[in-house]
Amino acid sequence: MRMSRLTAIAAVAVLSLGVAACGGDDGDDAGSGSGSGASGIVGKAEKDKKLVIGVKADQPGLGLQTGSAYEGFDIEIAKIIAKGLGVPESGIEWKTTVSANREPFIQQGTVDLVVATYTINDERKTKVNFAGPYYTAGQDLLVPTGSDITGPESLDGKKVCSVSGSTPAKRIQTDYPKAQLQQFDAYSKCITALAGNQVDAVTTDDIILAGYAAQDQYAGKFKVVGKPFSTEPYGIGLKKDDSAGCKKINEILTAAGTDGSYKAAWDNTLGKSGTPAPTLDTSKLTNCG
């Protein structure tokens with residue numbers, strides 16, 4: 001009887017060791033995940049070969065949606081980043097963003113990255129991380145060709161349109177409070193309001209305004225004042241705690257600045273206006289948080 005009980009105990013012990021060993025194997029497999037053990041955006045890209053990227057859909061030359069397709073400089077930059085992370089173009093899911101939902105989309109995991117004329121500033125850096133900048137714009141004004149507006153100093157009493165949650169809108173509120181700010185959720189609505197004489201000017205970054213002014217339906221009707229009154233470094237937004245992903249994207253941008261892919265992205269989009277490609281200043285890439 002005693003021998004039977006000892007035999008049973010031994011059998012249970014052997015079985016327990018076997019289960020523990022199996023459990024250990026499963027844990028090792030789960031830990032390897034993406035293969036390299038990387039986390040964040042790098043790990044997801046390695047594991048899934050897919051990314052959801054937030055972009056603008058209404059900015060000619062930068063991020064414009066036609067049907068189900070997106071085109072523009074930001075779109076090309078996003079493709080460069082995805083490729084550098086090991087994700088093919090077919091693995092990108094484009095997600096339309098507007099200025100006000102870029103941080104929430106990143107924080108909530110609705111998107112993995114945002115490449116959407118996204119100005120890097122201190123307030124936003126408390127909520128998300130930024131790689132870049134990959135381009136530096138300046139806030140300017142788009143007005144009717146015959147307008148007497150010559151710069152921000154002549155906006156007193158004028159109706160000025162911008163986008164809710166955008167840096168340009170906030171600057172008008174704080175620096176030019178005598179202007180009558182009207183806000184929409186998309187710049188295209190501001191352009192429509194300008195074309196209908198409902199506002200006197202539209203304000204955002206100069207390169208965005210130039211894209212709108214160059215559209216066939218507005219040729220000769222609008223002009224960019226050409227007096228920038230800010231510096232707007234465009235960054236690539238990702239989750240606040242993903243410093244490794246941020247550093248990797250900066251590495252990809254550095255390579256793009258020397259291998260010709262950055263210039264090609266510009267030439268195939270904004271470069272069609274005749275504006276030469278800028279030089280990507282990699283010395284100004286952000287110190288990732």
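Above this text is the structure in question.
Values in this document were obtained by computation on a predicted structure and should not be read as measured data.

**Thoughts on the nonpolar core**
Within soluble globular proteins, side chains that are nonpolar generally end up buried alongside one another.
Turning to step 1, where the next piece is worked out: Counting 58 residues, the largest nonpolar core has Phe73, Tyr134 and Ile236 as the members making the most contacts within it.
Turning to step 2, where the next piece is worked out: Among the elements that take part in this core, helix α3 (residues 73-84) stands out by supplying seven residues, more than any other.
Turning to step 3, where the next piece is worked out: Each residue touching Tyr134, except ones within four places of it in the same chain, is listed here: Phe73, Asp74, Ile77, Val115, Ala116, Thr117, Tyr234, Gly235, Ile236, Leu253, Tyr262 and Leu280.

**A short note on the sheet that holds strand β9 (residues 159-163)**
Turning to step 1, where the next piece is worked out: The mixed open sheet is built from five strands, whose spatial order is β10-β9-β11-β8-β12. Both outer strands of the open sheet, β10 (180-184) and β12 (222-224), are each paired with one neighbouring strand and no more. Each strand axis lies, on average, 30° off the axis of its neighbour in the sheet, ignoring direction.
Turning to step 2, where the next piece is worked out: Judged from the four bridges that link them, strand β8 (residues 139-144) and strand β11 (residues 201-205) form a sheet pairing that is antiparallel. Bridged to Asp140 within β11 is Thr204.
Turning to step 3, where the next piece is worked out: Of the strands in this sheet, β8, β9, β10, β11 and β12 are in contact with helix α7 (residues 187-195), which crosses β11 at around 150°.

**Remarks on the sheet that holds strand β3 (residues 63-66)**
Turning to step 1, where the next piece is worked out: Across the sheet, three strands lie side by side as β2-β3-β4; this open sheet has antiparallel pairing. The two strands at the open ends of the sheet, each matched to only one other strand, are β2 (58-59) and β4 (69-71).
Turning to step 2, where the next piece is worked out: With two bridges joining them, β2 and β3 adopt antiparallel strand pairing. Bridge pairing in β3 links Gln59 to Gly63.

**Quick look at the packing of α3 against helix α9 (residues 243-259)**
Turning to step 1, where the next piece is worked out: As a packed pair, α3 and α9 sit with axes 9 Å apart at the nearest point and diverge in direction by 115°. The pairing of α3 with α9 is recorded here as roughly perpendicular in orientation. The handedness of the crossing between α3 and α9 comes out as right-handed. Residues Ile80, Ile81 and Gly84 of α3 form the contact with α9, whose participating residues are Lys248, Ile249, Ile252, Leu253 and Ala256.
Turning to step 2, where the next piece is worked out: For the contact of α3 with α9, the residue count by class is six nonpolar, one polar and one charged.

**Overview of α3**
Count 3.6 residues to each turn of an α-helix, and residues three or four apart come out pointing the same way.
Turning to step 1, where the next piece is worked out: Over its twelve residues, α3 extends 17 Å from the first C-alpha to the last, a length consistent with the 16 Å expected when each residue adds 1.5 Å.
Turning to step 2, where the next piece is worked out: Residues Phe73, Asp74, Ile75, Ile77, Ala78, Ile80, Ile81 and Ala82 constitute the buried set of α3.

**Quick word on the state of the cysteines**
Turning to step 1, where the next piece is worked out: If you walk through the whole model with that rule in mind, you get two disulfides.
Turning to step 2, where the next piece is worked out: The residue that forms a disulfide with Cys161 is Cys190, at a sulfur-sulfur distance of 2.1 Å. The chirality of the disulfide connecting Cys161 with Cys190 is left-handed, given an S-S dihedral of about -70°. With Cys161 in strand β9 and Cys190 in helix α7, this pair connects stretches of sequence that are 29 residues apart.
Turning to step 3, where the next piece is worked out: Overall, the relative accessible area of 0% leaves Cys161 in the buried class.
Turning to step 4, where the next piece is worked out: Given a relative accessible area of 0%, Cys190 falls into the buried group.
Turning to step 5, where the next piece is worked out: Here Cys246 engages in a disulfide with Cys288; their sulfurs sit 2.1 Å apart.

**With respect to the packing of aromatic side chains**
Turning to step 1, where the next piece is worked out: Under the counting rule described, the total for this entry stands at eleven aromatic pairs.
Turning to step 2, where the next piece is worked out: Plain terms: the ring middles of Phe73 and Tyr134 are 6.1 Å apart, the flat faces sit at 50° to each other, and that makes the pair tilted. Separated by 61 residues along the polypeptide, Phe73 in helix α3 and Tyr134 in strand β7 (residues 128-137) bring together distant segments of the chain. For the pair Phe73 and Tyr134, one class covers both residues: buried.
Turning to step 3, where the next piece is worked out: Geometrically, the ring pair formed by Phe73 and Tyr262 is edge-to-face, given 5.7 Å between the ring centres and 80° between the ring planes. Of this pair, Phe73 sits in helix α3 while Tyr262 sits in helix α10 (residues 261-267); the two residues are 189 residues apart in sequence, bridging distant segments of the chain.
Turning to step 4, where the next piece is worked out: Using a relative accessible area of 1% as the deciding quantity, one classes Phe73 as buried.
Turning to step 5, where the next piece is worked out: Overall, the relative accessible area of 4% leaves Tyr262 in the buried class.
Turning to step 6, where the next piece is worked out: A network of ring pairs unites the aromatic residues Phe73, Tyr134, Tyr135, Tyr234, Tyr262 and Trp266 as a single cluster.

**Some remarks on the side chain of Thr117**
Turning to step 1, where the next piece is worked out: You can see Thr117 is positioned in strand β6 (residues 113-119).
Turning to step 2, where the next piece is worked out: For Thr117, a relative accessible area of 5% translates into the label buried.
Turning to step 3, where the next piece is worked out: Separated by 3.2 Å, the side chains of Thr117 and Gln59 make a polar contact.
Turning to step 4, where the next piece is worked out: Setting aside residues up to four positions removed in sequence, Thr117 forms contacts with Lys56, Gln59, Leu62, Asp74, Arg102, Tyr134, Ile208 and Tyr234.

The rules behind the values
Every chain is numbered on its own, with residues counted from 1 as its sequence reads. Whole-chain, interface and lining totals are the exception, using all residues; otherwise, since this is a predicted model, local features are given only for residues with pLDDT of at least 70 and side-chain atom pairs are given and counted only at 80 or more. Where side-chain values are given, they derive from all heavy atoms of the structure, hydrogens and water being excluded. By convention a nonpolar core is built from buried Ala, Val, Leu, Ile, Met, Phe, Trp, Tyr and Cys residues, the set being connected through side-chain atoms within 4.5 Å. When a residue's accessible area, from a 1.4 Å probe over protein chains only, is under 20% of the maximum for its type it is buried; when over 50% it is exposed; and in between it is partly exposed. Where helices and strands are cited, they refer to DSSP runs of H or I of at least four residues and of E of at least two residues respectively, numbered from the N terminus. By the convention used here, residues are in contact when the closest approach between their heavy atoms is within 4.5 Å. In short, DSSP must find at least two bridges between two strands for them to pair. The axes are straight lines fitted to the C-alpha atoms, using for helices just the contacting stretch, and the angles between their N-to-C directions are given from 0 to 180°. Angle categories are assigned with fixed cut-offs, so that under 35 degrees is roughly parallel, over 145 is roughly antiparallel, 65 to 115 is roughly perpendicular, and the rest are oblique. Handedness of a crossing follows from how the near helix is turned relative to the far one, being left-handed for an anticlockwise turn of less than a right angle and right-handed for a clockwise one. Under this grouping Gly is polar, as are all residues other than the nonpolar Ala, Val, Leu, Ile, Met, Phe, Trp, Tyr, Cys and Pro and the charged Asp, Glu, Lys and Arg. Expected span of a helix: the number of residues minus one, times 1.5 Å. Note that a disulfide, as used here, is simply two cysteine sulfur atoms within 2.5 Å. Two rings from Phe, Tyr or Trp (for Trp, the six-membered ring) form a pair when their centres are within 6.5 Å of each other. A pair whose planes differ by under 30 degrees is stacked, one over 60 is edge-to-face, and the rest are tilted. Pairs of N or O atoms within 3.5 Å make up the polar contacts considered here, provided that, within protein, one atom can donate a hydrogen while the other can accept it, and that residues adjacent in sequence are counted only when both atoms are side-chain atoms.

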